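As a plain string of letters, each chain reads:
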Amino acid sequence: MPEGHTLHRLAKLHTKRFAGGVVRVSSPQGRFAEGAALVDGRMLVRAEAWGKHLLHHYDSGLVVHVHLGLYGTFTELPAPLADPVGQVRMRMIGAGRGDGPPYGTDLRGPTACEVLHEPEVAALTARLGPDPLRRGADPDRAWQRIRRSARPIGALLMDQSVVAGVGNVYRAELLFRHGISPHRPGRELTAAEWDELWTDLVELMRTGVRRGKIVVVRPEHDRGAPSYAEGRPRTYVYRRAGEPCRLCGSTILHSVLDGRNLFWCPVCQPS
């Protein structure tokens, strides 16, 4: 599932390419046809991300809400625009800039693609925890939930109502970088540990936005073991079960927590 930095990159790209102009919105697949008709021919004011949610704001006050889920993806379309291929839930076409060609993007396979009114958007974002990539995000909101919880910190970090935008990779790698077991109850963390986790998370996710990929391994540790798969990020523990730890050589462990794969080093992250 795409993590928060991916949605923020999409928001920046769509604002740059489409905002300030009239866009044509359609649903070649048909499943979003009614929603597409409500915003087709309107001006896109801006795109923004909240955690793993992408929001397209139109001058009519309507908002297209997209959650990519496990399989959703946007495909940016080069000019000239070809006919849709496959199950395209939403196609958005802008006029381009100046005399340049029009821009287009196709959305396939999202968990959610729907039109919301502003009160519904407010209700959606109110359910989310602070997003490390949003200006003014308040880490204390998350801390107040964490410090009172008996749930493992590995589960709390993935709870979008606690922290918005963190996925499995950032969860695993952040905890490793700070030597914290994913099984430690939230209420056993100290305020200083949470401050350090939040500060590091903000920097890691900003790097993800800037570079377009997850970068979590420090340069001095980035040697020897390759990435867990071609084209995937180099990690300390994520998807490295059974492999030696980059720091201590111990075997990376794996279990399932709240239905999601969990990876950690038992020596660097003692329970």
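Cut-offs used in this document
Residues numbered from 1 in each chain as written. Predicted model: local features only at pLDDT ≥ 70, side-chain atom pairs only at ≥ 80, totals over all residues. Heavy atoms only, no water. Helix = DSSP H or I, 4+ residues; strand = E, 2+ residues; numbered from the N terminus. Rg over C-alpha atoms; globule rule 2.2 N^0.38 Å. Contact = heavy atoms within 4.5 Å. Areas by Shrake-Rupley, 256 points an atom, 1.4 Å probe, with all protein chains shown as cover. Core = buried A, V, L, I, M, F, W, Y, C linked by side-chain atoms within 4.5 Å. Buried < 20%, exposed > 50% of the residue type's maximum accessible area, 1.4 Å probe, protein only. UniProt positions renumbered as here; feature names shortened; annotations may be inferred. Arc of directions from axis to C-beta. Pairing = 2+ DSSP bridges. Axes fitted to C-alpha atoms, helices over the stretch in contact; angles between N-to-C directions.

Undergrad: Looking at this structure, I do not really get the overall build of the protein chain. What am I missing?
TA: In terms of helices and strands, the protein chain carries seven helices and 10 strands. On C-alpha atoms alone, the protein chain measures out to a radius of gyration of 20 Å, which is about the 18 Å that the 2.2 N^0.38 rule sets for 271 residues. With respect to the principal axes defined by its C-alpha atoms, the protein chain has extents near 55 × 40 × 30 Å. Considering only residue pairs separated by 6 or more positions, the protein chain has 60% of its internal contacts joining residues 24 or more positions apart. Here the protein chain has roughly 12900 Å² of accessible surface; of this, 50% comes from carbon and sulfur atoms.

Undergrad: What is the right way to look at the nonpolar core in this model?
TA: In a soluble, globular protein the nonpolar side chains are often hidden away together inside. Ile 146, Ile 153, Val 163, Tyr 170, Trp 194 and Val 237 are the most contacted members of the largest nonpolar core, which totals 36 residues. Taken together, the elements giving at least two residues each to this core come down to helix H4 (139-146), helix H5 (153-156), helix H6 (168-177) and helix H7 (191-211). With eight residues, the single largest contributor to this core is H7. Ile 153 has contacts with Ile 146, Leu 175, Ile 180, Ser 181, Pro 182, Arg 184, Pro 185, Gly 186 and Leu 189, leaving out every residue within four places of it along the chain.

Undergrad: Would you explain the UniProt feature "domain: FPG-type" (unreviewed entry) in the protein chain in this entry?
TA: Feature annotation in UniProt assigns "domain: FPG-type" (unreviewed entry) to the following positions: residues 236-270. Structurally, residues 236-270 comprises 0% helix and 29% strand, and the distance from its first C-alpha atom to its last is 15 Å.

Undergrad: Got a minute to help me understand helix H3 (residues 118-126) in this structure?
TA: Turn by turn, an α-helix covers 3.6 residues, leaving residues three or four places apart pointing in a common direction. Every buried residue belonging to H3 is among Val 121, Leu 124 and Thr 125, and all of these are buried. Along H3, the residues classed as buried sweep out an arc of 90° about the axis, all on the same side. When the buried face of H3 is taken as reference, the exposed residues oriented beyond 90 degrees from it are Pro 119 and Ala 126. If you follow the buried residues of H3, they end up packed against strand S2 (44-50), strand S3 (53-58), strand S4 (63-67) and strand S8 (112-116).

Undergrad: Is there a simple way to think about the sheet that holds S2 in this case?
TA: Picture the strands of a sheet paired through backbone hydrogen bonds; they go either parallel or antiparallel. Taking strand neighbours across the sheet as the criterion, the four strands line up as S2-S3-S4-S8 in an open arrangement whose pairing is antiparallel. The sheet terminates laterally at S2 and S8, the two strands that pair on one side only. With strand direction ignored, the average angle separating the axes of adjacent strands in the sheet is 15°. The pairing of S4 with S8 spans five bridges and is antiparallel. Of the residues in S8, the one forming a bridge with Val 63 is Leu 116. Strands S2 and S3 of the sheet are contacted by helix H1 (residues 4-18), whose axis makes an angle of about 175° with S2.

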